[in-house]
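Examining the three-dimensional arrangement
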Amino acid sequence: MPEVFRNYVAGQWVECKSQKTFPNINPADTDEVVGLFQASGPADVQEACDVAAKAQPGWAALPAPRRGEYLFKAAEILESRLAKLGEDMTREEGKTLPEAKAEVKRAINIFRYFGGEGARQFSYQIPSERENVFCYTMRKPLGVVGLITPWNFPSAIPAWKMAPALVGGNTVVIKPASLAPLSALRLVEALHEAGIPAGAVNYLTGGGGTVGNTLVDHPAIRAVSFTGSCEVGNTLYDRVARRKIRVQLEMGGKNPTVVLKDADLNYAADVLVNGAFFSTGQKCTACSRAVIERAIYERLVEILVAKTRKMKVGNGLEPGIDMGPAVDASQLETDLKYIEIAKQEGAKLLCGGNRLTGGIYDKGYFVEPTIFGNVTPEMRIAQEEVFGPVLALMVAEDFDDAMRLANSARFGLSASIVSRDLTRVHQFINGIQAGLITVNLPTAGVEYQLPFGGTKESSFGMREQGPLALDFYTETRTVYLKYTQ
Ligand code: NAP
(Lines give C-alpha, C1' and ligand atoms only; values in the text may rest on other atoms or scores of the structure.)
Protein backbone atom coordinates (compact mmCIF):
# COMPACT_ATOMS: atom_id res chain seq x y z
CA MET A 1 0.00 0.00 0.00
CA PRO A 2 1.54 3.37 -0.95
CA GLU A 3 2.35 5.83 1.81
CA VAL A 4 -0.25 8.52 2.45
CA PHE A 5 1.18 12.03 2.79
CA ARG A 6 -0.74 14.77 4.55
CA ASN A 7 -1.09 18.52 4.41
CA TYR A 8 0.87 20.59 6.92
CA VAL A 9 -1.26 23.22 8.62
CA ALA A 10 -0.73 24.98 11.97
CA GLY A 11 2.31 22.80 12.66
CA GLN A 12 0.34 19.55 12.26
CA TRP A 13 0.22 16.90 9.54
CA VAL A 14 -3.48 16.73 8.68
CA GLU A 15 -5.85 15.06 6.26
CA CYS A 16 -7.94 17.24 4.00
CA LYS A 17 -11.57 17.65 4.90
CA SER A 18 -12.90 15.41 2.11
CA GLN A 19 -10.38 12.70 3.13
CA LYS A 20 -9.81 12.07 -0.57
CA THR A 21 -6.33 11.51 -2.00
CA PHE A 22 -4.72 11.41 -5.43
CA PRO A 23 -1.73 9.33 -6.55
CA ASN A 24 1.76 10.55 -7.40
CA ILE A 25 2.99 8.18 -10.14
CA ASN A 26 6.58 7.39 -11.13
CA PRO A 27 6.86 8.45 -14.80
CA ALA A 28 9.65 5.92 -15.45
CA ASP A 29 7.61 3.05 -14.03
CA THR A 30 3.91 3.73 -13.97
CA ASP A 31 3.29 0.61 -11.83
CA GLU A 32 4.82 2.51 -8.93
CA VAL A 33 2.68 4.87 -6.86
CA VAL A 34 5.22 7.10 -5.10
CA GLY A 35 2.59 8.21 -2.59
CA LEU A 36 -0.98 9.33 -2.06
CA PHE A 37 -1.51 13.06 -1.49
CA GLN A 38 -4.42 15.06 -0.10
CA ALA A 39 -7.02 16.25 -2.62
CA SER A 40 -7.63 19.48 -0.74
CA GLY A 41 -10.61 21.70 -1.42
CA PRO A 42 -11.52 25.34 -0.78
CA ALA A 43 -12.26 24.80 2.94
CA ASP A 44 -8.75 23.41 3.50
CA VAL A 45 -7.21 26.40 1.75
CA GLN A 46 -9.36 28.78 3.75
CA GLU A 47 -8.20 27.21 6.98
CA ALA A 48 -4.51 27.23 6.01
CA CYS A 49 -4.69 30.92 5.07
CA ASP A 50 -6.47 31.79 8.33
CA VAL A 51 -3.82 29.91 10.30
CA ALA A 52 -1.01 31.67 8.43
CA ALA A 53 -2.63 35.06 9.07
CA LYS A 54 -2.89 34.36 12.78
CA ALA A 55 0.72 33.21 13.02
CA GLN A 56 2.19 36.07 11.00
CA PRO A 57 2.57 38.82 13.65
CA GLY A 58 4.38 36.43 16.00
CA TRP A 59 6.68 35.20 13.25
CA ALA A 60 7.44 38.76 12.12
CA ALA A 61 8.20 39.78 15.71
CA LEU A 62 11.10 37.32 15.89
CA PRO A 63 14.38 39.07 15.04
CA ALA A 64 15.24 38.27 11.42
CA PRO A 65 18.53 36.47 12.29
CA ARG A 66 16.49 34.11 14.48
CA ARG A 67 14.10 33.42 11.62
CA GLY A 68 17.18 32.62 9.56
CA GLU A 69 18.32 30.06 12.13
CA TYR A 70 15.33 27.84 11.29
CA LEU A 71 16.49 27.80 7.68
CA PHE A 72 20.04 26.87 8.75
CA LYS A 73 18.72 24.01 10.90
CA ALA A 74 16.43 22.77 8.13
CA ALA A 75 19.40 22.85 5.72
CA GLU A 76 21.36 20.57 8.09
CA ILE A 77 18.45 18.13 8.23
CA LEU A 78 18.08 18.11 4.44
CA GLU A 79 21.80 17.58 3.98
CA SER A 80 21.73 14.50 6.20
CA ARG A 81 19.02 13.05 3.89
CA LEU A 82 20.33 14.21 0.55
CA ALA A 83 20.62 10.76 -1.06
CA LYS A 84 17.11 9.70 -0.06
CA LEU A 85 15.57 13.00 -1.15
CA GLY A 86 17.32 12.71 -4.50
CA GLU A 87 15.75 9.28 -4.99
CA ASP A 88 12.32 10.61 -4.02
CA MET A 89 12.66 13.29 -6.66
CA THR A 90 13.77 10.92 -9.42
CA ARG A 91 10.85 8.65 -8.60
CA GLU A 92 8.25 11.40 -8.73
CA GLU A 93 9.62 13.63 -11.51
CA GLY A 94 11.81 11.34 -13.61
CA LYS A 95 15.05 13.36 -13.83
CA THR A 96 18.26 11.36 -13.40
CA LEU A 97 19.56 10.73 -9.89
CA PRO A 98 22.63 13.00 -10.27
CA GLU A 99 20.34 15.79 -11.50
CA ALA A 100 17.94 15.20 -8.61
CA LYS A 101 20.67 15.17 -5.99
CA ALA A 102 22.15 18.36 -7.43
CA GLU A 103 18.73 19.97 -7.14
CA VAL A 104 18.34 18.94 -3.49
CA LYS A 105 21.80 20.36 -2.85
CA ARG A 106 20.68 23.57 -4.48
CA ALA A 107 17.63 23.74 -2.19
CA ILE A 108 19.97 23.28 0.78
CA ASN A 109 22.20 26.09 -0.49
CA ILE A 110 19.13 28.30 -0.93
CA PHE A 111 18.08 27.69 2.68
CA ARG A 112 21.58 28.58 3.85
CA TYR A 113 21.83 31.65 1.63
CA PHE A 114 18.51 33.07 2.83
CA GLY A 115 19.24 31.98 6.40
CA GLY A 116 22.16 34.41 6.09
CA GLU A 117 19.82 37.09 4.76
CA GLY A 118 18.32 37.08 8.25
CA ALA A 119 21.41 38.94 9.37
CA ARG A 120 21.59 41.21 6.32
CA GLN A 121 18.27 42.50 4.92
CA PHE A 122 20.06 45.70 3.99
CA SER A 123 18.21 48.90 3.42
CA TYR A 124 19.31 52.52 2.84
CA GLN A 125 20.46 55.39 4.97
CA ILE A 126 20.15 58.50 2.81
CA PRO A 127 21.20 62.09 3.72
CA SER A 128 18.41 64.57 4.38
CA GLU A 129 18.27 68.09 2.90
CA ARG A 130 17.29 69.34 6.36
CA GLU A 131 19.44 69.81 9.45
CA ASN A 132 19.31 67.24 12.25
CA VAL A 133 17.11 64.95 10.22
CA PHE A 134 18.13 61.35 9.87
CA CYS A 135 16.54 59.43 6.96
CA TYR A 136 16.51 55.74 6.32
CA THR A 137 14.42 52.95 4.87
CA MET A 138 13.42 49.74 6.55
CA ARG A 139 11.92 46.49 5.30
CA LYS A 140 8.60 45.17 6.54
CA PRO A 141 7.03 41.81 5.70
CA LEU A 142 3.94 41.76 3.47
CA GLY A 143 1.89 39.35 5.58
CA VAL A 144 0.81 35.96 4.24
CA VAL A 145 2.17 34.94 0.86
CA GLY A 146 0.73 32.31 -1.48
CA LEU A 147 3.26 30.20 -3.38
CA ILE A 148 2.33 28.05 -6.38
CA THR A 149 5.05 25.89 -7.90
CA PRO A 150 5.56 23.61 -10.94
CA TRP A 151 6.73 20.00 -11.12
CA ASN A 152 9.98 20.41 -13.03
CA PHE A 153 12.12 21.74 -10.14
CA PRO A 154 10.03 20.30 -7.32
CA SER A 155 12.55 21.10 -4.57
CA ALA A 156 14.53 24.13 -5.77
CA ILE A 157 11.55 26.30 -6.73
CA PRO A 158 9.61 25.77 -3.48
CA ALA A 159 12.87 26.46 -1.63
CA TRP A 160 13.64 29.66 -3.52
CA LYS A 161 10.16 31.01 -2.79
CA MET A 162 9.71 29.79 0.82
CA ALA A 163 13.15 30.81 2.13
CA PRO A 164 13.10 34.54 1.25
CA ALA A 165 9.41 34.77 2.16
CA LEU A 166 10.04 33.35 5.62
CA VAL A 167 13.22 35.19 6.42
CA GLY A 168 11.47 38.40 5.36
CA GLY A 169 8.91 37.81 8.13
CA ASN A 170 6.00 36.51 6.07
CA THR A 171 4.07 33.35 6.73
CA VAL A 172 3.55 31.00 3.82
CA VAL A 173 0.89 28.84 2.22
CA ILE A 174 2.46 26.70 -0.49
CA LYS A 175 0.74 24.59 -3.13
CA PRO A 176 3.16 22.40 -5.09
CA ALA A 177 2.39 20.81 -8.47
CA SER A 178 0.21 17.71 -8.29
CA LEU A 179 2.66 15.74 -10.45
CA ALA A 180 5.56 16.11 -7.97
CA PRO A 181 4.42 17.20 -4.51
CA LEU A 182 6.77 15.01 -2.43
CA SER A 183 9.97 17.02 -2.83
CA ALA A 184 8.33 20.19 -1.45
CA LEU A 185 6.86 18.16 1.39
CA ARG A 186 10.40 17.06 2.30
CA LEU A 187 11.42 20.72 2.69
CA VAL A 188 8.42 21.41 4.91
CA GLU A 189 9.21 18.29 6.95
CA ALA A 190 12.73 19.63 7.55
CA LEU A 191 11.39 23.03 8.64
CA HIS A 192 8.99 21.26 10.99
CA GLU A 193 11.80 19.20 12.50
CA ALA A 194 13.90 22.35 12.78
CA GLY A 195 11.19 23.60 15.14
CA ILE A 196 9.72 26.40 13.05
CA PRO A 197 6.76 27.93 14.93
CA ALA A 198 3.34 26.52 14.06
CA GLY A 199 1.59 28.37 11.26
CA ALA A 200 4.71 29.95 9.74
CA VAL A 201 4.69 27.39 6.91
CA ASN A 202 1.56 25.70 5.60
CA TYR A 203 1.59 23.13 2.79
CA LEU A 204 -1.42 21.88 0.86
CA THR A 205 -1.80 19.62 -2.14
CA GLY A 206 -4.69 19.41 -4.58
CA GLY A 207 -5.81 20.46 -8.03
CA GLY A 208 -4.47 23.76 -9.36
CA GLY A 209 -7.87 25.19 -10.26
CA THR A 210 -9.34 24.44 -6.84
CA VAL A 211 -6.48 25.08 -4.44
CA GLY A 212 -4.70 27.70 -6.54
CA ASN A 213 -7.73 29.87 -7.21
CA THR A 214 -8.99 29.78 -3.62
CA LEU A 215 -5.51 30.58 -2.40
CA VAL A 216 -5.04 33.69 -4.50
CA ASP A 217 -8.56 34.94 -3.68
CA HIS A 218 -8.14 34.68 0.11
CA PRO A 219 -8.12 38.17 1.69
CA ALA A 220 -5.18 37.33 3.98
CA ILE A 221 -2.92 36.66 0.99
CA ARG A 222 -0.84 39.79 0.33
CA ALA A 223 1.38 38.45 -2.45
CA VAL A 224 1.43 35.57 -4.90
CA SER A 225 4.55 34.04 -6.35
CA PHE A 226 3.82 31.66 -9.22
CA THR A 227 6.05 29.56 -11.44
CA GLY A 228 4.47 27.54 -14.22
CA SER A 229 2.95 27.82 -17.66
CA CYS A 230 2.01 31.08 -19.39
CA GLU A 231 -1.59 29.91 -19.70
CA VAL A 232 -2.08 29.51 -15.95
CA GLY A 233 0.15 32.47 -15.06
CA ASN A 234 -1.75 34.89 -17.28
CA THR A 235 -5.12 33.80 -15.90
CA LEU A 236 -3.78 34.07 -12.38
CA TYR A 237 -2.50 37.57 -13.07
CA ASP A 238 -5.99 38.76 -14.10
CA ARG A 239 -7.38 37.33 -10.88
CA VAL A 240 -4.71 38.80 -8.63
CA ALA A 241 -4.66 42.20 -10.35
CA ARG A 242 -8.24 42.81 -9.24
CA ARG A 243 -7.03 42.63 -5.63
CA LYS A 244 -4.02 44.93 -6.23
CA ILE A 245 -1.69 42.64 -4.33
CA ARG A 246 1.89 41.94 -5.28
CA VAL A 247 2.44 39.23 -7.91
CA GLN A 248 5.45 37.56 -9.44
CA LEU A 249 5.11 35.22 -12.44
CA GLU A 250 7.87 33.03 -13.84
CA MET A 251 6.66 31.23 -16.94
CA GLY A 252 7.71 29.66 -20.21
CA GLY A 253 10.66 30.03 -22.52
CA LYS A 254 11.86 29.33 -26.07
CA ASN A 255 15.51 29.80 -25.24
CA PRO A 256 18.07 30.15 -28.05
CA THR A 257 21.75 29.24 -28.19
CA VAL A 258 23.59 31.17 -30.90
CA VAL A 259 26.65 29.42 -32.30
CA LEU A 260 29.04 31.65 -34.28
CA LYS A 261 31.43 30.44 -36.95
CA ASP A 262 34.55 30.83 -34.77
CA ALA A 263 33.22 28.36 -32.15
CA ASP A 264 34.92 25.08 -31.23
CA LEU A 265 32.28 22.81 -32.76
CA ASN A 266 32.78 19.90 -30.39
CA TYR A 267 32.38 22.26 -27.43
CA ALA A 268 29.32 23.91 -29.00
CA ALA A 269 27.67 20.51 -29.53
CA ASP A 270 28.20 19.67 -25.85
CA VAL A 271 26.63 22.99 -24.83
CA LEU A 272 23.61 22.22 -27.04
CA VAL A 273 23.16 18.64 -25.83
CA ASN A 274 23.33 19.75 -22.22
CA GLY A 275 20.98 22.71 -22.71
CA ALA A 276 18.42 20.89 -24.82
CA PHE A 277 18.24 17.37 -23.43
CA PHE A 278 19.33 17.29 -19.79
CA SER A 279 16.30 16.89 -17.50
CA THR A 280 14.47 15.70 -20.65
CA GLY A 281 14.29 19.29 -21.88
CA GLN A 282 11.85 19.99 -19.06
CA LYS A 283 13.58 23.10 -17.77
CA CYS A 284 12.13 26.56 -18.23
CA THR A 285 15.68 27.56 -19.22
CA ALA A 286 16.25 24.57 -21.56
CA CYS A 287 17.61 25.39 -25.01
CA SER A 288 14.93 24.72 -27.59
CA ARG A 289 16.38 26.70 -30.51
CA ALA A 290 19.93 26.68 -31.86
CA VAL A 291 20.79 29.53 -34.21
CA ILE A 292 23.88 28.53 -36.18
CA GLU A 293 25.95 30.49 -38.69
CA ARG A 294 25.74 28.92 -42.16
CA ALA A 295 29.50 28.50 -42.49
CA ILE A 296 29.54 25.84 -39.73
CA TYR A 297 25.98 24.54 -39.90
CA GLU A 298 26.58 21.20 -41.67
CA ARG A 299 29.69 20.32 -39.66
CA LEU A 300 28.06 21.19 -36.34
CA VAL A 301 24.91 19.21 -37.20
CA GLU A 302 27.02 16.12 -37.87
CA ILE A 303 28.75 16.30 -34.46
CA LEU A 304 25.56 17.25 -32.61
CA VAL A 305 23.52 14.41 -34.08
CA ALA A 306 26.27 11.88 -33.33
CA LYS A 307 26.43 12.99 -29.68
CA THR A 308 22.64 12.99 -29.33
CA ARG A 309 22.34 9.46 -30.75
CA LYS A 310 24.72 8.25 -28.04
CA MET A 311 22.50 9.48 -25.21
CA LYS A 312 21.13 6.74 -22.97
CA VAL A 313 17.46 7.19 -22.15
CA GLY A 314 15.94 5.27 -19.25
CA ASN A 315 14.94 5.15 -15.62
CA GLY A 316 16.90 7.92 -13.92
CA LEU A 317 17.60 5.73 -10.90
CA GLU A 318 19.85 3.49 -13.05
CA PRO A 319 23.52 4.46 -13.34
CA GLY A 320 24.72 5.83 -16.67
CA ILE A 321 21.36 7.20 -17.81
CA ASP A 322 21.60 10.58 -19.55
CA MET A 323 17.91 11.36 -19.89
CA GLY A 324 14.80 10.26 -18.00
CA PRO A 325 11.16 10.15 -19.16
CA ALA A 326 8.60 12.85 -19.84
CA VAL A 327 6.84 13.68 -16.59
CA ASP A 328 3.46 12.19 -17.54
CA ALA A 329 1.29 10.94 -20.38
CA SER A 330 0.09 14.42 -21.21
CA GLN A 331 3.61 15.87 -21.53
CA LEU A 332 4.65 12.88 -23.66
CA GLU A 333 1.65 13.52 -25.91
CA THR A 334 2.68 17.19 -26.21
CA ASP A 335 6.23 16.19 -27.19
CA LEU A 336 4.95 13.79 -29.86
CA LYS A 337 2.36 16.32 -31.08
CA TYR A 338 5.04 18.97 -31.65
CA ILE A 339 7.23 16.43 -33.44
CA GLU A 340 4.37 15.79 -35.88
CA ILE A 341 3.68 19.52 -36.26
CA ALA A 342 7.35 20.18 -37.05
CA LYS A 343 7.34 17.47 -39.72
CA GLN A 344 4.16 18.85 -41.27
CA GLU A 345 5.59 22.36 -41.27
CA GLY A 346 8.52 21.12 -43.35
CA ALA A 347 11.28 20.98 -40.73
CA LYS A 348 13.84 18.24 -41.38
CA LEU A 349 13.97 15.46 -38.76
CA LEU A 350 17.69 14.89 -38.09
CA CYS A 351 17.42 12.38 -35.22
CA GLY A 352 14.96 10.94 -32.73
CA GLY A 353 11.28 11.70 -33.21
CA ASN A 354 9.76 8.62 -31.59
CA ARG A 355 8.33 7.33 -28.36
CA LEU A 356 10.60 4.59 -27.02
CA THR A 357 8.92 1.21 -26.59
CA GLY A 358 9.80 -2.35 -25.57
CA GLY A 359 11.13 -3.66 -22.25
CA ILE A 360 11.31 -1.05 -19.48
CA TYR A 361 10.22 1.63 -21.92
CA ASP A 362 6.69 0.23 -21.99
CA LYS A 363 6.29 1.11 -18.31
CA GLY A 364 7.15 4.80 -18.69
CA TYR A 365 6.80 7.92 -20.82
CA PHE A 366 10.06 7.77 -22.75
CA VAL A 367 10.78 9.75 -25.88
CA GLU A 368 13.95 10.02 -27.99
CA PRO A 369 15.98 13.22 -27.87
CA THR A 370 14.93 14.87 -31.11
CA ILE A 371 16.52 17.42 -33.43
CA PHE A 372 14.92 19.24 -36.35
CA GLY A 373 16.92 21.13 -38.98
CA ASN A 374 15.86 23.84 -41.48
CA VAL A 375 13.53 25.44 -38.97
CA THR A 376 12.29 28.92 -39.86
CA PRO A 377 11.02 31.54 -37.40
CA GLU A 378 7.35 31.39 -38.38
CA MET A 379 7.10 27.64 -37.63
CA ARG A 380 5.32 26.68 -34.43
CA ILE A 381 8.34 24.61 -33.38
CA ALA A 382 10.32 27.89 -33.39
CA GLN A 383 7.70 29.84 -31.45
CA GLU A 384 5.88 27.62 -28.96
CA GLU A 385 7.27 26.04 -25.82
CA VAL A 386 7.30 22.22 -26.12
CA PHE A 387 8.86 21.58 -22.70
CA GLY A 388 10.41 18.36 -23.92
CA PRO A 389 13.63 17.10 -25.57
CA VAL A 390 13.02 18.70 -28.97
CA LEU A 391 15.66 21.03 -30.42
CA ALA A 392 15.00 23.26 -33.45
CA LEU A 393 18.03 24.30 -35.57
CA MET A 394 17.93 27.54 -37.52
CA VAL A 395 20.50 28.76 -40.06
CA ALA A 396 21.79 32.34 -39.75
CA GLU A 397 23.52 34.11 -42.65
CA ASP A 398 25.64 36.26 -40.33
CA PHE A 399 25.71 37.71 -36.80
CA ASP A 400 22.94 40.26 -37.42
CA ASP A 401 20.72 37.55 -38.85
CA ALA A 402 21.49 35.37 -35.81
CA MET A 403 20.38 38.17 -33.49
CA ARG A 404 17.19 38.67 -35.51
CA LEU A 405 16.37 34.96 -35.31
CA ALA A 406 17.28 34.64 -31.62
CA ASN A 407 15.00 37.58 -30.76
CA SER A 408 12.11 36.38 -32.94
CA ALA A 409 10.21 34.52 -30.18
CA ARG A 410 7.69 36.07 -27.81
CA PHE A 411 9.56 34.65 -24.82
CA GLY A 412 12.72 36.04 -23.21
CA LEU A 413 13.84 33.85 -20.35
CA SER A 414 17.41 32.70 -21.08
CA ALA A 415 19.79 32.83 -24.05
CA SER A 416 23.36 31.80 -24.72
CA ILE A 417 26.12 32.32 -27.24
CA VAL A 418 29.08 30.10 -28.13
CA SER A 419 31.92 32.18 -29.50
CA ARG A 420 35.44 33.44 -28.75
CA ASP A 421 34.85 36.74 -30.53
CA LEU A 422 34.78 39.28 -27.70
CA THR A 423 33.11 41.97 -29.78
CA ARG A 424 30.30 39.70 -30.91
CA VAL A 425 29.84 38.35 -27.39
CA HIS A 426 29.37 41.88 -26.03
CA GLN A 427 27.03 42.80 -28.88
CA PHE A 428 25.02 39.67 -28.07
CA ILE A 429 24.85 40.52 -24.36
CA ASN A 430 23.61 44.03 -25.18
CA GLY A 431 21.13 43.05 -27.89
CA ILE A 432 19.60 39.77 -26.80
CA GLN A 433 16.10 39.91 -25.34
CA ALA A 434 16.50 37.64 -22.32
CA GLY A 435 16.67 37.98 -18.56
CA LEU A 436 19.41 35.35 -18.17
CA ILE A 437 22.38 35.47 -20.53
CA THR A 438 25.18 32.91 -20.66
CA VAL A 439 28.36 32.84 -22.72
CA ASN A 440 30.03 29.57 -23.69
CA LEU A 441 27.62 27.85 -21.30
CA PRO A 442 24.23 26.17 -21.81
CA THR A 443 21.08 28.28 -21.48
CA ALA A 444 20.26 26.31 -18.30
CA GLY A 445 22.32 25.89 -15.15
CA VAL A 446 21.81 29.06 -13.14
CA GLU A 447 22.95 29.64 -9.56
CA TYR A 448 20.88 30.53 -6.50
CA GLN A 449 22.92 33.53 -5.39
CA LEU A 450 22.17 35.54 -8.54
CA PRO A 451 18.86 37.10 -9.56
CA PHE A 452 16.65 34.92 -11.76
CA GLY A 453 13.92 35.91 -14.19
CA GLY A 454 13.08 36.72 -17.76
CA THR A 455 11.72 39.42 -20.00
CA LYS A 456 8.94 39.64 -22.64
CA GLU A 457 6.24 37.01 -22.05
CA SER A 458 8.40 34.79 -19.85
CA SER A 459 8.14 36.73 -16.63
CA PHE A 460 6.30 39.42 -14.81
CA GLY A 461 7.27 41.20 -11.61
CA MET A 462 10.37 41.34 -9.49
CA ARG A 463 13.30 38.93 -9.72
CA GLU A 464 13.61 35.75 -7.70
CA GLN A 465 16.74 34.42 -5.95
CA GLY A 466 19.93 36.22 -5.02
CA PRO A 467 20.03 39.58 -3.27
CA LEU A 468 16.94 40.91 -5.11
CA ALA A 469 14.57 38.18 -3.90
CA LEU A 470 13.80 39.98 -0.65
CA ASP A 471 12.53 43.01 -2.55
CA PHE A 472 9.47 41.01 -3.56
CA TYR A 473 8.80 39.64 -0.10
CA THR A 474 9.26 42.88 1.83
CA GLU A 475 7.80 46.35 1.64
CA THR A 476 9.95 49.45 2.04
CA ARG A 477 9.09 51.96 4.75
CA THR A 478 10.76 55.37 4.66
CA VAL A 479 11.58 57.14 7.92
CA TYR A 480 12.37 60.89 8.41
CA LEU A 481 13.57 61.33 11.98
CA LYS A 482 14.39 64.77 13.38
CA TYR A 483 16.44 64.30 16.50
CA THR A 484 16.04 67.87 17.83
CA GLN A 485 12.96 70.03 18.47
P1 NAP B 1 1.30 24.71 -14.74
O2 NAP B 1 0.43 23.69 -15.33
O3 NAP B 1 1.06 26.13 -15.07
O4 NAP B 1 1.22 24.48 -13.15
C5 NAP B 1 1.99 25.25 -12.26
C6 NAP B 1 1.29 25.28 -10.91
O7 NAP B 1 0.07 26.00 -11.04
C8 NAP B 1 0.92 23.90 -10.38
O9 NAP B 1 1.05 23.88 -8.99
C10 NAP B 1 -0.55 23.79 -10.79
O11 NAP B 1 -1.29 22.88 -10.01
C12 NAP B 1 -1.00 25.20 -10.54
N13 NAP B 1 -2.25 25.57 -11.22
C14 NAP B 1 -2.83 24.96 -12.28
N15 NAP B 1 -3.97 25.61 -12.60
C16 NAP B 1 -4.11 26.64 -11.73
C17 NAP B 1 -5.06 27.67 -11.54
N18 NAP B 1 -6.13 27.79 -12.33
N19 NAP B 1 -4.87 28.56 -10.54
C20 NAP B 1 -3.80 28.49 -9.75
N21 NAP B 1 -2.86 27.52 -9.87
C22 NAP B 1 -3.01 26.61 -10.85
O23 NAP B 1 2.84 24.44 -15.08
P24 NAP B 1 3.63 23.06 -14.97
O25 NAP B 1 3.17 22.18 -16.06
O26 NAP B 1 3.60 22.56 -13.57
O27 NAP B 1 5.14 23.53 -15.23
C28 NAP B 1 5.68 23.68 -16.50
C29 NAP B 1 5.72 25.13 -16.90
O30 NAP B 1 6.42 25.87 -15.91
C31 NAP B 1 6.49 25.38 -18.19
O32 NAP B 1 5.79 26.30 -18.99
C33 NAP B 1 7.80 25.98 -17.71
O34 NAP B 1 8.46 26.80 -18.65
C35 NAP B 1 7.36 26.74 -16.53
N36 NAP B 1 8.46 27.00 -15.62
C37 NAP B 1 8.96 28.27 -15.55
C38 NAP B 1 10.03 28.54 -14.72
C39 NAP B 1 10.57 29.94 -14.62
O40 NAP B 1 11.22 30.24 -13.62
N41 NAP B 1 10.35 30.80 -15.59
C42 NAP B 1 10.60 27.54 -13.95
C43 NAP B 1 10.07 26.26 -14.05
C44 NAP B 1 8.99 26.00 -14.88
P45 NAP B 1 -1.53 21.37 -10.53
O46 NAP B 1 -0.20 20.76 -10.62
O47 NAP B 1 -2.37 20.80 -9.47
O48 NAP B 1 -2.21 21.49 -11.86
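Above this text is the structure in question.
Residues numbered from 1 in each chain as written. Predicted model: local features only at pLDDT ≥ 70, side-chain atom pairs only at ≥ 80, totals over all residues. Heavy atoms only, no water.

Some words on the overall build of the protein chain
Counting its regular elements, the protein chain contains 15 helices and 22 strands. A compact globule built from 485 residues should have a C-alpha radius of gyration of about 23 Å, and the protein chain, at 23 Å, falls within 12% of that. Expressed as lengths along the three principal axes of its C-alpha atoms, the size of the protein chain is roughly 75 × 65 × 40 Å. Here the protein chain holds 485 residues, and the buried ones make up 58% of them. Across the protein chain, every contact between residues at least 6 apart in sequence was considered, and the portion connecting residues at least 24 apart equals 73%. Total accessible area on the protein chain is roughly 19400 Å²; 52% of this is exposed by carbon and sulfur atoms. (Helix = DSSP H or I, 4+ residues; strand = E, 2+ residues; numbered from the N terminus. Rg over C-alpha atoms; globule rule 2.2 N^0.38 Å. Buried < 20%, exposed > 50% of the residue type's maximum accessible area, 1.4 Å probe, protein only. Contact = heavy atoms within 4.5 Å. Areas by Shrake-Rupley, 256 points an atom, 1.4 Å probe, with all protein chains shown as cover.)

Observations regarding unusual backbone geometry
A positive phi angle is found at Asn 132, which is not glycine, with a value near 60 degrees. Position of Asn 132 among the secondary structure elements: in the loop between β5 (125-127) and β6 (133-141). Notably, Ser 279 is not glycine yet its phi reads approximately 55 degrees, a positive angle. Within the fold, Ser 279 resides in the loop between α9 (265-277) and β13 (287-293).

A word on empty space enclosed by the protein
Remark: the empty space left among the atoms is shown by a probe the size of a water molecule rolled over them. With the rule as written, the count across this model stands at three cavities of 30 Å³ or more. Considered as a void within the structure, the largest cavity measures approximately 100 Å³ in volume. Lining the largest cavity are 15 residues, with Gly 281, Ala 286, Ser 288, Glu 385 and Phe 387 positioned closest to its centre. Considering only residue class, the lining of the largest cavity consists of seven nonpolar, five polar and three charged. Looking at the second largest cavity, it is lined by 14 residues, and the ones nearest its centre are Pro 256, Arg 289, Phe 411, Gly 412 and Gln 433. Those elements giving two or more residues to the lining of the second largest cavity turn out to be β12 (255-259), β17 (411-412) and β18 (414-418). When the residues that make up the lining of the second largest cavity are grouped by side-chain class, the tally is seven nonpolar, five polar and two charged. (1 Å grid on protein atoms, 1.4 Å probe; cavity = no way out; pocket = protein on both sides within 12 Å on 5 of 7 lines; lining within 4 Å. Points joined across faces, edges and corners; volume = space filled by probe spheres on them. Nonpolar A, V, L, I, M, F, W, Y, C, P; charged D, E, K, R; others polar.)

Section: the environment of Tyr 203
Assignment of secondary structure puts Tyr 203 in strand β9 (residues 201-203). For the pair formed by Tyr 203 and Asn 274, sequence separation is 71 residues and the distance between their alpha carbons is 33 Å. For Tyr 203, the residues in contact, after removing those within four places along its chain, are Arg 6, Asn 7, Tyr 8, Val 9, Phe 37, Ile 174, Pro 176, Pro 181, Ala 184, Leu 185 and Val 188. A polar side-chain atom of Tyr 203 sits 2.8 Å from the main-chain carbonyl oxygen of Pro 181. (Polar contact = N/O pair within 3.5 Å; in protein donor to acceptor, adjacent residues only side chain to side chain.)

Description of the pairing of strand β11 (residues 246-250)
Two faces, one strand: in a regular strand the side chains alternate between the faces of the sheet. Counting buried positions along β11 yields four of five residues, so the element is predominantly enclosed. As judged from the five bridges shared by strand β10 (residues 221-227) and β11, these two strands associate in the parallel manner. Considered in β11, the bridge of Val 224 is made with Val 247. At this point the chain moves from β10, through helix α8 (residues 230-241), to the parallel β11, and the crossover so formed is right-handed. Here two bridges tie β11 to strand β21 (residues 459-460), and the two strands are oriented antiparallel to one another. When the sheet's bridge partners are listed, Leu 249 is paired in β21 with Phe 460. (Pairing = 2+ DSSP bridges. Right-handed = clockwise from strand over helix to strand, strands pointing away.)

Observations concerning the side chain of Arg 289
With respect to the helices, strands and loops of the structure, Arg 289 is situated in strand β13. Glu 378 is the oppositely charged side chain nearest to the buried, salt-bridge-free Arg 289, at an N-O distance of 11 Å. At 2.9 Å, the side chain of Arg 289 forms a polar contact with the backbone oxygen of Leu 405. In contact with Arg 289, other than residues within four places in its own chain, are Lys 254, Asn 255, Pro 256, Thr 257, Ala 382, Leu 391, Ala 392, Met 394, Leu 405, Ala 406, Ser 408 and Ala 409. (Lys, Arg positive; Asp, Glu negative; His and termini not counted. Salt bridge = Lys/Arg side-chain N within 4 Å of Asp/Glu carboxyl O.)

A short note on the layout of surface pockets
Considering only enclosed or pocket space, the largest pocket measures out at about 940 Å³ in volume. There is about 680 Å³ of room inside the second largest pocket. Forming the boundary of the second largest pocket are 28 residues, of which Arg 106, Ala 444, Gly 445, Val 446 and Glu 447 lie nearest the centre. Breaking the lining of the second largest pocket down by element, the ones donating at least two residues are α4 (97-117) and β19 (436-439). The element contributing the most residues to the lining of the second largest pocket is α4, with six residues. Here the lining of the second largest pocket is built from residues that sort into 14 nonpolar, seven polar and seven charged.

Points about the sheet that holds β5
Strand order in the open sheet formed by three strands is β5-β6-β22, and the pairing between neighbours is antiparallel. Looking at which strands have only one partner, the edges of the open sheet turn out to be β5 and β22 (474-482). On average, each strand axis in the sheet is inclined to that of its neighbour by 25 degrees, with strand direction left out of account. Where β5 meets β6, three bridges bridge the pair, whose relative direction is antiparallel. Residue pairing in the sheet places Gln 125 in a bridge with Tyr 136 of β6. (Axes fitted to C-alpha atoms, helices over the stretch in contact; angles between N-to-C directions.)

Everything listed is a geometric property; what it means functionally is a separate question.
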